[in-house]
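# Chains, contacts and geometry: an overview
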Amino acid sequence: MSKHERWNALLELLASAGKVEVEEAAATLDVSAATIRRDLDELAEQRLLVRTRGGAVAHGVSYELPLRYKSGRHAAEKARIAAAAAELIAPGEVVGLNGGTTTTEVARALALRFAGERAETGTPAAASGPALTVVTNALNIAAELAVRPQIKIVTTGGVARPQTYELVGPLAAGVLGEVVLDTVVLGVDGIDPELGAMAHQEEEASISRLFAERASRVVVVTDASKLGRRAFARICGLDRVDLLVTDTGLDAGTADRLTEAGVRVHTV
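Residues numbered from 1 in each chain as written. Predicted model: local features only at pLDDT ≥ 70, side-chain atom pairs only at ≥ 80, totals over all residues. Heavy atoms only, no water.

### A few points about the overall build of the protein
A count of helices and strands for the protein gives 11 helices and 15 strands. Within the protein, buried positions represent 49% of all 268 residues. Accessible surface, the protein: about 12200 Å² in total, of which carbon and sulfur atoms supply 52%. (Helix = DSSP H or I, 4+ residues; strand = E, 2+ residues; numbered from the N terminus. Buried < 20%, exposed > 50% of the residue type's maximum accessible area, 1.4 Å probe, protein only. Areas by Shrake-Rupley, 256 points an atom, 1.4 Å probe, with all protein chains shown as cover.)

Written out as structure tokens, the structure is:
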């Protein structure tokens, strides 16, 4: 197991349990306790955790993993969700994408889908203009799509959050106030049948709320682990969500409550 894989595993344990014990982590990852101690020390230097005697704890009550460490979580489910969401988008649409691992997968699925359609028809991108316009506040999504000639990419301004690569603040809000979206695909940190869609960080929630307000259709994409979970900042109520795309891990009770709230649920 490489250092990067160990770090991912340790941060996964920390996110789920709130703390990590050296001996327990060493047994789980099948490495020495000395290796785990070094890993925890290095992660503490990056302010990703707080070292304690015998282990480590998360920084706060609402723990947010940086995006680069979340990409491996529920990867298969996110890939299926992204492919299903990409199929909902028609050629020529203006699509909003906020930041996150699932929306990053949606961006990749959109790029592949529309590149494939152009290849099937033999139409060069330069001859007919972009097949799709994507508006995003996520720097990593913008960087991946900027090299795709079939997609016109529009980024908001704003201050970048290093945890998620999202641009937030008045500059981002100003750009979103001047655009009209056909569909927005939102990644979230939690969905509660009563409170709606939520994010860990209030500035990100504010920008995601603007995305939803500027769109004719709101599609939320998330793996089932976030359903029934609450986060710190509210994005919007479920009355603003048209469709939820999630995986088959969704339990029947939560699905019924979401449906009763007026949300169409699509599982893949």
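Next comes the rest of the write-up.
### Side note on the packing of helix 2 (residues 22–29) against helix 3 (residues 33–45)
Relative orientation of the contacting elements helix 2 and helix 3 amounts to 110 degrees, with a least axis distance of 8 Å. Relative to helix 3, the element helix 2 is oriented roughly perpendicular. Read as a crossing pair, helix 2 and helix 3 show a hand that is right-handed. On the side of helix 2, the interface is formed by Val22, Glu23, Ala25, Ala26 and Leu29, while helix 3 contributes Ala33, Ile36, Arg37 and Leu40. Along the lines of polarity and charge, the residues of the contact of helix 2 with helix 3 split into seven nonpolar, no polar and two charged. (Axes fitted to C-alpha atoms, helices over the stretch in contact; angles between N-to-C directions. Parallel < 35°, antiparallel > 145°, perpendicular 65-115°, else oblique. Left-handed = near helix turned anticlockwise from the far one by under 90°. Contact = heavy atoms within 4.5 Å. Nonpolar A, V, L, I, M, F, W, Y, C, P; charged D, E, K, R; others polar.)

### Comments concerning the pattern of salt bridges
It is possible for side chains of opposite charge to pair when their charged atoms get near one another. Here the structure, examined in full by the defined rule, presents 11 salt bridges. When the shortest N-O distance is used, the salt bridge between Arg230 and Asp192 registers 3.1 Å. Taken together, the residues Arg230 in the loop between strand 12 (215–221) and strand 13 (233–236) and Asp192 in strand 10 (residues 190–192) connect sequence positions 38 residues apart. Judged by its relative accessible area of 6%, Asp192 is buried. Put simply, Asp192, Glu194, Arg230 and Arg257 are held in one network by salt bridges that share partners. (Salt bridge = Lys/Arg side-chain N within 4 Å of Asp/Glu carboxyl O.)

### Concerning the sheet that holds strand 3 (residues 55–57)
Strand order across the open sheet formed by three strands is 1-3-2, with antiparallel pairing between neighbours. At either end of the open sheet lies a strand with only one pairing partner, and these are strand 1 (19–21) and strand 2 (50–52). For this sheet, the mean inter-axis angle between neighbouring strands, taken without regard to orientation, is 20 degrees. Pairing of strand 2 with strand 3 involves three bridges; the strand directions are antiparallel. (Pairing = 2+ DSSP bridges.)

### Some words on helix 3
Counted at 1.5 Å a residue, the expected span for helix 3 with its 13 residues is 18 Å, and the 18 Å between its end C-alpha atoms agrees. Within helix 3, the full set of buried residues consists of Ala33, Thr35, Ile36, Asp39, Leu40 and Leu43. In a view along the axis of helix 3, the buried residues occupy a sector of 155 degrees, so they form one face of it. Positive phi shows up at Arg47, right after helix 3, with a value of about 60 degrees. (Expected span 1.5 Å × (residues − 1). Arc of directions from axis to C-beta.)

### Considering the pairing of strand 4 (residues 94–97)
Relative to strand 5 (residues 132–136), strand 4 runs parallel, the two being bridged by four bridges. In the sheet register, Val94 faces strand 5, and the bridge partner there is Thr133. When strand 4 meets strand 9 (residues 181–187), the two strands line up parallel, connected through three bridges. Across the sheet, Gly96 pairs through a bridge with Val184, a residue of strand 9.

### Quick notes on helix 10 (residues 202–213)
The first and last C-alpha atoms of helix 10 sit 16 Å apart over 12 residues, in line with the 16 Å expected at 1.5 Å per residue. The opening residue of helix 10, the one whose side-chain oxygen lies 2.7 Å from the backbone nitrogen of Glu203, is Gln201. (Polar contact = N/O pair within 3.5 Å; in protein donor to acceptor, adjacent residues only side chain to side chain.)

### Regarding the side chain of Thr156
Checked against the element boundaries, Thr156 lands in the loop between strand 6 (151–155) and strand 7 (159–161). Among the residues examined, Thr156 registers a relative accessible area of 4% and is labelled buried. Sequence-distant contacts of Thr156, that is, excluding residues within four places in its chain, are made with Thr136, Asn137, Leu167, Ala172, Val175 and Leu176.

### Here we look at the nonpolar core
Ranked by internal contacts, the top residues of the largest apolar core, which has 31 residues, are Leu186, Ile191, Phe211, Val220 and Ile235. Broken down by element, this core gets its largest block of residues, four residues, from helix 10. In this structure, Ala107, Leu110, Ala111 and Val221 belong to the second largest nonpolar core, which totals 26 residues. (Core = buried A, V, L, I, M, F, W, Y, C linked by side-chain atoms within 4.5 Å.)

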